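So you can see what is in the structure, the chains are spelled out below.
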Amino acid sequence: MGRYRIEGGYPLKGTLTIRGSKNGILPVLAAVMLTEGETILHQCPFIADVFLTMEVLEQLGCRVKWQGRTVTIDSQNCISTAIDSKSVQKMRSSILFMGVLLGRCREAKIGYPGGCEIGMRPIDLHLKAFRKMGVKIKEEKGLLCCDGSRIVGKKINLDFPSVGATENCMLLAAKAKGHTTIYNAACEPEIVELQTFLNKCGAKVKGAGTDCIHIEGVKKLHGTEYSIAPDRIEAGTFLCGAAITKGEIQLKNVCPNAMRQVLLRLGEAGCVIKEGKEEIYLKAPEKILPVSKIHTGPYPGFPTDMQPQFMTVLTLAGGTSIISETVFEARFKHIGELCRMGADIAVEGQTAIIKGVKKLHGAYVSGKDLRGGAALILAGLAAEGETVVENACYVQRGYEQIEKSLFSLGAKIFLE
Ligand code: UD1
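Residues numbered from 1 in each chain as written. Predicted model: local features only at pLDDT ≥ 70, side-chain atom pairs only at ≥ 80, totals over all residues. Heavy atoms only, no water.

What about the layout of surface pockets?
- Considering only enclosed or pocket space, the second largest pocket measures out at about 330 Å³ in volume.
- Considering the residues around the second largest pocket, the lining is formed by 19 residues, among which Ile244, Lys246, Leu316, Lys358 and Ala382 are closest to the centre.
- Elements with a minimum of two residues in the lining of the second largest pocket: α8 (232-244) and α12 (370-382). (1 Å grid on protein atoms, 1.4 Å probe; cavity = no way out; pocket = protein on both sides within 12 Å on 5 of 7 lines; lining within 4 Å. Points joined across faces, edges and corners; volume = space filled by probe spheres on them. Helix = DSSP H or I, 4+ residues; strand = E, 2+ residues; numbered from the N terminus.)

Printed below as a string of structure tokens:
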């Protein structure tokens, strides 16, 4: 399975270029299946979720060719409207293929999606919106069998601004007949990225980045050439790594505006931060300061995907901080492991009370999900002695060779 071995106590120092975004590329790859032709994507990260999505595209009839970080996908042929349950269970974002297969072929057969175990992660919002747009959905032997022969644009009101449900509705509506409006839409930068990509392929989408998105369905979408935006969560993770190790780093290929909450909170924790248009410099304080209460929330709130890493930084603060997790109900699995390393964190329901300690010590710990695994690596970088983080596979879902990036910044970390 793989594990990281870390010798703690080395500050992160130097310059790092951030890769293309995981959560940006996954919906774009699904959207490629809506097009007929050739799409060229630049800045693709080499991460497990991307490789899995490529496998799904190939199963559906696409031809995929890699050349460095550029991938060319020929989506002229669609040979299947079914996705095997194995692929779907490995990855939450595979549910987006429901929208694209229905958009393109008017039918889809797909299992329930998997992904990290960070809560219930139902898909009721996706299904409710699809039904409203005329999709008939039956469950047969654990598969969702969808008939989209009567898809029409509608007014969709999401009960929660779900990222995945917003993306799925955009994908389906891009090729549905008529006009769709999504109210209470998610506003994440990845939604804007999907709109930009779809429009480059000939779709008519506007409003992404606000809570109301308008889509005028079109008959056909064509291929295009597109470069994936940088990963704001990868960037935030390295900034937290520098903060917790008393380091000083410069990140290139970042979008500071998409990271506003994390940058503000790192500033509150005492870090010196300077921003360029596509660069961020961070110098850690001698002692991390506690921060006022953080609530995770939909964008532009504090990202749930940064909660475990930021909590890890706060374990070494000179006082007590509080974090409430409001997006996923089971996203505190790293806490028990952090406590094994000497952290002092109490949990009351969805709230964690983090009392800063003088130091963390190395321990044998186990990642339980992607961001929680990354958080344990950060703890290991700051801890005294050796830390082993088991279950590298979770981290590899979303970080490309994190050990190499950290090593290049002076950390002593090895994948074994
Ligand atoms: C996406 C991101 C993930 C991030 C999350 C929130 C990708 C591939 N993943 O996940 O990294 O943590 O956004 O920023 O982009 N919900 C329902 N019913 C639904 C759909 C969602 O109740 O039909 C709930 C979820 O259980 C969760 C909340 O809504 O509690 C947010 O989920 P959602 O925004 O949909 O996250 P994902 O798209 O799965």
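Next, the rest of the story.
Description of the site of the ligand
- With respect to spatial proximity, 17 residues lie near the ligand, and among them Asp124, Leu125, Ser162, Asp305 and Val327 are the closest.
- At a separation of 3.0 Å, an oxygen atom of the ligand approaches a polar side-chain atom of Asn23.
- Residue Arg331 places a side-chain N or O atom 3.4 Å away from an oxygen atom belonging to the ligand.
- Taken by itself the ligand offers 740 Å² of open surface, and the protein chains cover 87% of this.
- Of all elements in the fold, only α5 (124-132) and α6 (163-174) reach the threshold of two or more residues within the shell around the ligand.
- Looking at the shell around the ligand residue by residue, the classes come out as seven nonpolar, five polar and five charged. (Near = heavy atom within 4 Å. Polar contact = N/O pair within 3.5 Å; in protein donor to acceptor, adjacent residues only side chain to side chain. Areas by Shrake-Rupley, 256 points an atom, 1.4 Å probe, with all protein chains shown as cover. Nonpolar A, V, L, I, M, F, W, Y, C, P; charged D, E, K, R; others polar.)

So, the environment of Met311
- Turning to its location among the elements, Met311 is positioned in helix α10 (residues 307-314).
- Residue Met311 is classed as buried on the basis of its relative accessible area, which comes to 0%.
- Remark: the alpha-carbon pair of Met311 and Gly99, spanning 212 residues in sequence, is separated by 35 Å. (Buried < 20%, exposed > 50% of the residue type's maximum accessible area, 1.4 Å probe, protein only.)

Considering α5
- Taken together, the buried positions of α5 are occupied by Leu125, His126, Leu127, Ala129 and Phe130.
- Close packing links the buried residues of α5 with α4 (96-105), β8 (136-140), β9 (143-147), β10 (155-157) and α6.
- Positioned one or two residues after α5, Gly134 has a phi angle of 95°, which is positive. (Contact = heavy atoms within 4.5 Å.)

Points about the pattern of salt bridges
- For the coordinates displayed, the defined rule picks out 18 salt bridges.
- Notably, a salt bridge pairs Arg19 with Glu400, separated by 3.7 Å at the nearest N-O pair. Note that Arg19 is positioned in the loop between β2 (13-17) and α1 (22-32) and Glu400 in the loop between α13 (392-398) and α14 (402-408), a separation of 381 residues in sequence. When sorted by exposure, Arg19 lands in the same class as Glu400, which is buried.
- Notably, a salt bridge pairs Asp305 with Arg331, separated by 2.8 Å at the nearest N-O pair. Of the two residues, Asp305 is situated in the loop between β18 (294-295) and α10 and Arg331 in the loop between β19 (320-324) and α11 (333-340); the sequence distance between them amounts to 26 residues. (Salt bridge = Lys/Arg side-chain N within 4 Å of Asp/Glu carboxyl O.)

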